[in-house]
Amino acid sequence: MNRLILIVSVILLNSFTVFAQKFNTEELRKFNNMDMETFKTEIKRTYHYSYYDKTESEDYNLFEYDSPDYKRKISKFDYSNDKTQNRIEYTTVDKKEFEEFKSNMIKLKYKVTGTGTIPGTRETYTDYKLGNLDIRLLVPRKEAGVNEPFTIIIFK
């Protein structure tokens, strides 16, 4: 009986860890540097994200994956002709997670290089740079609903 309780406890703890999976700057940069096949394998096997959608064109391939709790999505853009445009987009509806990510960037000495508003969506963005690493943070428009995502874009 105790063994059964222990096994169930371990399974539950592991599932909570999976549902709480968040990424830091280094992990997102690592994903951006992976080729598409390695990324797809890693995001499914290690992080238990599930396939959401794909877009394939002459210019780029895009694969999107959802977290097990459907609160986060990660997308990888792989450009055919200009690999410097490759990027990772990580979205979350968890404002606290987004603010923690932003706070950690500032601790890592990322500097603000620009701000603005995306035409049409009215999302505001802030660009950050550390050496040759570029990150853009997108905040939903003020009148957006509760589940509008916050977006982190990692550029090459």
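Quick caveat: nothing in here was measured; it's all calculated off a predicted structure.

About the thresholds
- Residues numbered from 1 in each chain as written.
- Predicted model: local features only at pLDDT ≥ 70, side-chain atom pairs only at ≥ 80, totals over all residues.
- Heavy atoms only, no water.
- Helix = DSSP H or I, 4+ residues; strand = E, 2+ residues; numbered from the N terminus.
- Core = buried A, V, L, I, M, F, W, Y, C linked by side-chain atoms within 4.5 Å.
- Buried < 20%, exposed > 50% of the residue type's maximum accessible area, 1.4 Å probe, protein only.
- Contact = heavy atoms within 4.5 Å.
- Pairing = 2+ DSSP bridges.
- Arc of directions from axis to C-beta.
- Polar contact = N/O pair within 3.5 Å; in protein donor to acceptor, adjacent residues only side chain to side chain.

Trainee: Which parts of the structure should I look at to understand the environment of L133?
Mentor: Position of L133 among the secondary structure elements: in strand β7 (residues 133-139). For the pair L133 and K156, spaced 23 residues apart in sequence, the C-alpha separation works out to 6.8 Å.

Trainee: Any chance you could explain the nonpolar core here in plain terms?
Mentor: Core analysis: the biggest nonpolar cluster contains 24 residues, and F23, L28, F31, F39, I43, I74 and I152 have the highest contact counts within it. For this core, the secondary-structure elements that each account for two or more residues are α2 (25-33), α3 (36-45), β2 (60-66), β4 (87-92), α4 (95-107), β7 and β8 (150-155). Those residues in contact with F39 that lie beyond four places of it in its chain are F31, M34, F63, Y65, I74, K76 and I88.

Trainee: Can you walk me through unusual backbone geometry in this structure?
Mentor: Peptide bonds are, in most cases, trans, and in most cases residues other than glycine have a negative phi. Phi at H48 is positive, roughly 60°, even though this residue is not glycine. As for its placement among the helices and strands, H48 is situated in the loop between α3 and β1 (50-56). On the accessibility criterion, H48 (43% relative accessible area) is partly exposed. Notably, R122 is not glycine yet its phi reads approximately 60°, a positive angle.

Trainee: Would you mind showing me how to read the pairing of strand β5 (residues 111-117) here?
Mentor: Counting buried positions along β5 gives 0 out of 7 residues, so the element sits mostly on the surface. In this sheet, strand β6 (residues 124-130) lies alongside β5 in antiparallel orientation, the contact comprising 6 bridges. Among the inter-strand pairings, T117 is bridged to a residue of β6, identified as T124. Between the antiparallel neighbours β5 and β6 lie 6 residues, among them G120 with a positive phi of about 90°.

Trainee: Help me understand α2, please; the structure alone is not making it clear to me.
Mentor: Along an α-helix, residues three or four positions apart point the same way, because every turn accommodates 3.6 residues. Along α2, the residues classified as buried are T25, E27, L28, F31 and N32. Down the axis of α2, the sector holding all buried residues measures 165°, keeping them to one side. Elements that come into contact with the buried residues of α2 comprise α3, β3 (72-79), β4, α4, β7 and β8. The opening residue of α2 is N24, an N-cap whose side-chain oxygen sits 3.0 Å from the backbone nitrogen of E26.

Everything listed is a geometric property; what it means functionally is a separate question.
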